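Structural overview for review
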Amino acid sequence: MKYYIWTEGCQMNVADSQRVAAALEHLGYEPTTTAEEADVIVLNTCVVRQSAEDKAYGRLNALRPIKKQRPEVIINLMGCLVGVKGNPKVAERFPFVDVFSPPSDPRPLLAFLSQRLGREIELEETEQRFAWMDEEVPLPQEERGKAVSAFIPVVYGCSHACTFCIIPYRRGPERSRPPEVILAEARALVAQGVKEITLLGQIVDRYGKDEPEFPTLSGLLRRLHQIEGLERIRFLTSHPNWMTDELLDTVAELPKVMPHIEVPVQAGDDEVLARMRRGYTAEQYRRLIERIRARIPGVAIATDIIVGFPGETETQFQHTYDLLAELRLDVAHLARYSPREGTVAARKMPDDVPEEEKWRRFRLLEELQERIAGEINQQYVGKEVLVLFEEKVRRRWKGRTETNKLVFVESEADLRGQIIPVRITWAGPWSMLGEIPGSTDSQRVLAETPLHV
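What you see is a predicted model, and the numbers here were worked out from it, not measured in a lab. As a convention, each chain's residues are numbered from 1 in the sequence order in which they are written. Local features are withheld for residues below a pLDDT of 70 in this predicted model, meaning they are given only at 70 or higher, and side-chain atom pairs are given and counted only at 80 or more; totals for whole chains, interfaces and linings count all residues. Excluded from the side-chain calculations are hydrogens and water; all other atoms, namely the structure's heavy atoms, are used.

Re the sheet that holds strand S18 (residues 432–435)
Spatially, S14-S15-S16-S18-S17 is the arrangement adopted by the five strands of the closed barrel, whose pairing is mixed. Across this sheet, the average inter-strand angle for adjacent strands is 55 degrees, counted without regard to direction. Between any two strands, pairing holds if DSSP finds at least two bridges. Helix and strand labels come from DSSP, where a helix needs a run of H or I of at least four residues and a strand needs a run of E of at least two; each type is numbered from the N terminus. Examined bridge by bridge, strand S14 (residues 384–393) and strand S15 (residues 396–401) share six bridges and lie antiparallel to one another. Counted as the bridge partner of Phe 389 is Gly 399 from S15. Angles run from 0 to 180 degrees between N-to-C directions of axes, and those axes are lines fitted to C-alpha atoms, restricted for helices to the stretch in contact.

What about the sheet that holds strand S12 (residues 300–307)?
A sheet is described by the order of its strands in space; here three strands give the open sequence S11-S12-S13, paired in parallel fashion. Strands at the two margins of the open sheet, each flanked by one partner only, are strand S11 (260–262) and strand S13 (331–336). Averaged over all adjacent pairs, the angle separating strand axes in this sheet is 15 degrees, with direction ignored. Pairing between S12 and S13: six bridges, direction parallel. By the bridge assignment for S13, Asp 304 is matched with His 333. Sitting on the sheet, helix H13 (residues 355–378) is in contact with S12 and S13, with an inclination near 175 degrees to S13. A contact between two residues is defined here by any heavy atoms of the two lying within 4.5 Å.

Brief notes about the nonpolar core
By nonpolar core is meant a set of buried Ala, Val, Leu, Ile, Met, Phe, Trp, Tyr and Cys residues that side-chain atoms within 4.5 Å join together. With a 1.4 Å probe rolled over the protein chains alone, any residue whose accessible area is under 20% of its type maximum counts as buried; one over 50% counts as exposed, and the rest are partly exposed. Judged by nonpolar contacts, the single largest core of 69 residues is most densely connected at Ile 197, Leu 199, Phe 235 and Ile 292. With near-sequence residues (within four places) excluded, Leu 199 lies in contact with Ile 152, Val 154, Val 204, Leu 217, Leu 220, Leu 221, Leu 224, Arg 234, Phe 235 and Leu 236. Counting residues in each nonpolar core, the second largest holds 20 residues, with Ala 35, Ala 38, Ile 66 and Leu 77 among its members.

Overview of helix H8 (residues 245–253)
Listing the buried residues of H8 in full gives Leu 247, Leu 248, Thr 250 and Val 251. What you see down the axis of H8 is that its buried residues fit within an arc of 155 degrees, all on one side. The inward-facing, buried residues of H8 contact helix H7 (217–225), strand S10 (232–236), S11 and helix H10 (282–295). Arc, as used here, means the arc of the directions from the helix axis to the C-beta atoms.

What to know about the packing of helix H11 (residues 314–327) against H13
At a closest axis distance of 10 Å, the pairing of H11 and H13 adopts a crossing angle of 15 degrees. Considering their axes alone, H11 and H13 lie roughly parallel with respect to each other. Pair H11 / H13 crosses with right-handed handedness. Here H11 contributes Glu 314, Phe 317, Thr 320, Tyr 321, Leu 324 and Ala 325 to the contact with H13, which in turn contributes Glu 357, Arg 360, Arg 361, Leu 364, Leu 365, Leu 368, Gln 369, Arg 371 and Ile 372. Every angle not falling under 35 degrees, over 145, or within 65 to 115 is termed oblique; those three ranges are roughly parallel, roughly antiparallel and roughly perpendicular. Crossings are classed by handedness, with left-handed meaning an anticlockwise turn of the near helix from the far one by less than a right angle and right-handed meaning a clockwise turn.

Notes on the environment of Ile 289
Counting through the fold element by element, Ile 289 comes out in helix H10. For the pair Ile 289 and Asp 322, spaced 33 residues apart in the sequence, the C-alpha separation amounts to 15 Å. Once you skip the residues sitting within four places of it in the chain, Ile 289 turns out to touch Val 263, Ile 301, Leu 327 and Leu 329.

Brief notes about the packing of aromatic side chains
The geometry of an aromatic ring pair is captured by the separation of the ring centres together with the interplanar angle, meaning the angle of the planes. Between rings of Phe, Tyr and Trp, where Trp is taken as its six-membered ring, a pair exists when centres lie within 6.5 Å; planes separated by under 30 degrees are stacked, by over 60 edge-to-face, and by other angles tilted. For the structure on display, the rule yields eight aromatic pairs. On the basis of an interplanar angle of 55 degrees and a centroid distance of 6.5 Å, the ring pair of Phe 317 and Tyr 321 is categorised as tilted. Here the residue Phe 317 and the residue Tyr 321 both occupy positions in helix H11, the gap between them amounting to four residues, near one helical turn. Residue Phe 317 is classed as buried on the basis of its relative accessible area of 1%. Here the aromatic cluster, defined as three or more aromatic residues joined through ring pairs, consists of Tyr 57, Phe 94 and Phe 96. The rule for a charge over a ring is simple: NZ of Lys or CZ of Arg within 6 Å of the ring centre, and within 35 degrees of the ring normal. The residue whose ring lies beneath Arg 93 is Tyr 57, and the NZ or CZ to ring-centre distance is 4.4 Å. The residue whose ring lies beneath Arg 206 is Trp 242, and the NZ or CZ to ring-centre distance is 4.2 Å.

Examining the packing of H7 against H8
The N-to-C vectors of H7 and H8 enclose an angle of 20 degrees; their axes lie 9 Å apart at closest approach. When the axis of H7 is compared with that of H8, the two are roughly parallel. H7 and H8 meet at a crossing whose hand is left-handed. For the pair H7 and H8, the contacting residues are Leu 217, Ser 218, Leu 221 and Arg 222 in the first and Glu 246, Leu 247, Thr 250 and Glu 253 in the second. Split by residue class, the contact of H7 with H8 holds three nonpolar, two polar and three charged. Charged residues are taken to be Asp, Glu, Lys and Arg, nonpolar residues to be Ala, Val, Leu, Ile, Met, Phe, Trp, Tyr, Cys and Pro, and polar residues to be all remaining types, Gly included.

Thoughts on the side chain of Asn 76
Structurally, Asn 76 is set in strand S4 (residues 74–79). Judged by its relative accessible area of 1%, Asn 76 is buried. There is a polar contact of 3.1 Å between the side chain of Asn 76 and the backbone oxygen of Val 99. Engagement of the side chain of Asn 76 in a polar contact is seen with the side chain of Ser 101, the distance being 3.0 Å. Under this definition, polar contacts are N or O atom pairs within 3.5 Å; protein pairs additionally need one hydrogen-donor-capable and one acceptor-capable atom, and for neighbouring residues in sequence, both atoms have to be side-chain atoms.

Points about the UniProt feature "binding site: [4Fe-4S] cluster 2" (unreviewed entry) in the chain
In the UniProt entry, the feature "binding site: [4Fe-4S] cluster 2" (unreviewed entry) is given for Cys 158, Cys 162 and Cys 165. Secondary-structure assignment places Cys 158 in the loop between strand S7 (155–156) and helix H5 (167–171). Excluding anything up to four places from it in sequence, Cys 158 contacts Ile 167, Pro 168, Gly 172, Pro 173, Glu 174, Gln 202 and Ile 203. Tracing the chain through its elements places Cys 162 in the loop between S7 and H5. Contact partners of Cys 162, with chain neighbours within four places excluded, come to Met 276, Arg 277 and Arg 278. UniProt positions are given in the numbering used here, feature names are shortened, and annotations may be inferred rather than shown by experiment.

Here you go:
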């Protein structure tokens, strides 16, 4: 990853640019002499003379084609053109600028980079989860002794057959794995150094329903809870129709089972839900969320939503938007509907919502959820939470709270596999930054990067 900084103006601006460069290099970025090669471009501006301001506008205009050709490039406008109170006119004139930073303040850029990394990790881990779902994939040899968290499929296939889902056709009807096989796999993973396991199933709550002699998911969780060395247990994905009070009480009672529930709603309109063949109404989903929150104190809830399902009107989409705004869930995995060959929806329902409209609806939900998640995560600032650390990413340790919040911490110590109290110092919608209280390591969060070279 490379960065490019253009500086105009006084010696203060030069010093500020040096500070930004030092902070970026601390994160693993390397300098480049051309903007075309950079992953992060910083324009540190001056407006003391009209000529300097004109140069800044000229530089911004020159970056338009770079951003158009490489949308992933991060452009940061910094300095006097932004000012200490921001510059809405400049932001409106140059909408392709990602970050606006006041003079002498690199924190907006560093926070943005942290959130971008957090979002990338969340998307990668979601894709990984789907890849493991319904697949018997052992822990690779090279990962043994290194992985801190691992997946264990407990239910293969699915018999529910939502109209948009291909799993029943690809993987067949649901089949629960024998509990003794799951327990043996969990013990083997723990022996390899795994501290956390996540049980997987298309409808994980239905574990054991097809085999009368098998325990329920609650019973399986209780057996897993007894494994020495296993520190954390999660499960997903749940279905609103099969999440019982017994299961919720089990999560609340067992310390190793994390207060983190993933229960997709998919849509907030009853007619759309009926076409999806989900088997519940929006009001029933509301009541479920109330039950979850009442029975599991401090729980974090994640959901899945599909926008642009066949026949979805603007009014029906608004119902979904309103439901998400009302429930204020911690995470919403969003997707634009696309037909999957072989599904009922692809065979019988025309894909009649234009792609541009799907994107518009997707962006509206995305912006709403980022705002909600940011406000929820702000409540963690100043508090201490237990974090299980997994690995180092770009020179910072990455870990998860009990509620599955992504946390980054700087430390020279080896934190892999440790559960450590962390004081949260900064929070955004995708991740949080923190420090280990009382540590003598160089644990400084991005938002507090020292302003010296």
